[in-house]
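# Structural characterization, general
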Amino acid sequence: MGDPQYQTDLYFGRNRVNNEPVSEAEFQAFVDTVVTPRFQDGLTVYDANGQHRLESGELIHEQTKVLVLLHDGSAARSADIDTIHEEYKGQFDQESVPRIDSLPCVAF
């Protein structure tokens, strides 16, 4: 069956205003320096195609990286995720980074 664990999915859009999209190398460096130190036991990243509406009303289609984290749901883990979220927005000039939290049962 598995044990309950928290799962957080973060959706990182790669488009930037007045700049080239976030490159694979830039994203990997972000994972290496910002994410991995906080989630050393493991994580999953996969590519997706996303779309969203900007505050201006414009509909944007963009390449997206989805980060999946399994964790204990503690306040410390949530704070780590908030830091990752804010770091990406700041480093790559993003308006938002959607976050989804769920409680699946996980077995290894």
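Keep in mind that what you see is a predicted model, and the values were worked out from it rather than measured. (Residues numbered from 1 in each chain as written. Predicted model: local features only at pLDDT ≥ 70, side-chain atom pairs only at ≥ 80, totals over all residues. Heavy atoms only, no water.)

## As for the nonpolar core
By size, the foremost hydrophobic cluster in this structure holds 16 residues, and its most contacted members are Phe12, Phe30, Ile84 and Tyr88. A per-element tally of this core places helix H1 (residues 24-35) first, with five residues. What isoleucine 84 contacts, discounting residues up to four positions off in sequence, is Leu10, Phe12, Phe30, Val34, Val35, Arg38, Phe39 and Leu67. (Core = buried A, V, L, I, M, F, W, Y, C linked by side-chain atoms within 4.5 Å. Buried < 20%, exposed > 50% of the residue type's maximum accessible area, 1.4 Å probe, protein only. Helix = DSSP H or I, 4+ residues; strand = E, 2+ residues; numbered from the N terminus. Contact = heavy atoms within 4.5 Å.)

## Re the environment of leucine 59
Considering the arrangement of structural elements, one finds leucine 59 in strand S4 (residues 59-71). Setting aside chain neighbours within four positions, we find leucine 59 in contact with Gln51, His52 and Arg53.

## Examining unusual backbone geometry
Look at asparagine 18: it is not a glycine, yet its phi comes out positive at around 55°. Checked against the element boundaries, asparagine 18 lands in the loop between strand S2 (6-13) and H1. Judged by its relative accessible area of 80%, asparagine 18 falls in the exposed class. If you check the backbone angles, aspartate 93 has positive phi at about 50° while not being a glycine. Mapped onto the secondary structure, aspartate 93 falls in the loop between helix H2 (75-91) and strand S5 (99-102).

## A look at the confidence of the model for the chain
On average, the chain scores 93 in pLDDT, and the residues at 70 or more come to 98%. No element of the chain has a lower mean pLDDT than strand S1 (residues 3-4), at 76, and none a higher one than H1, at 98. (pLDDT = per-residue confidence, 0-100.)

## Things to note about the packing of aromatic side chains
For the structure shown, the criterion picks out eight aromatic pairs. Relative to tyrosine 88, the ring of phenylalanine 27 has its centre 6.1 Å away and its plane inclined at 70°; by these criteria the two rings are edge-to-face. Taken together, the residues span a long stretch of sequence, with phenylalanine 27 in helix H1 and tyrosine 88 in helix H2 at a distance of 61 residues. Under the relative-accessibility criterion, phenylalanine 27 is labelled buried at 3%. According to the relative accessible area criterion, tyrosine 88 is buried, its value standing at 0%. An aromatic cluster is built from Phe12, Phe27, Phe30, Tyr88 and Phe92, whose rings are joined through pairwise contacts. (Phe/Tyr/Trp six-rings, centres within 6.5 Å; stacked < 30°, edge-to-face > 60°.)

## Focus: the side chain of histidine 71
With respect to the helices and strands, the residue histidine 71 is situated in strand S4. In this structure histidine 71 comes out as buried when scored by relative accessible area, which is 7%. A distance of 3.1 Å separates a polar atom in the side chain of histidine 71 from the backbone nitrogen of glycine 73. Those residues within four positions of histidine 71 in sequence are excluded, and the remaining contacts are Gln5, Tyr6, Gln7, Thr8, Phe39, Arg77 and Ile81. (Polar contact = N/O pair within 3.5 Å; in protein donor to acceptor, adjacent residues only side chain to side chain.)

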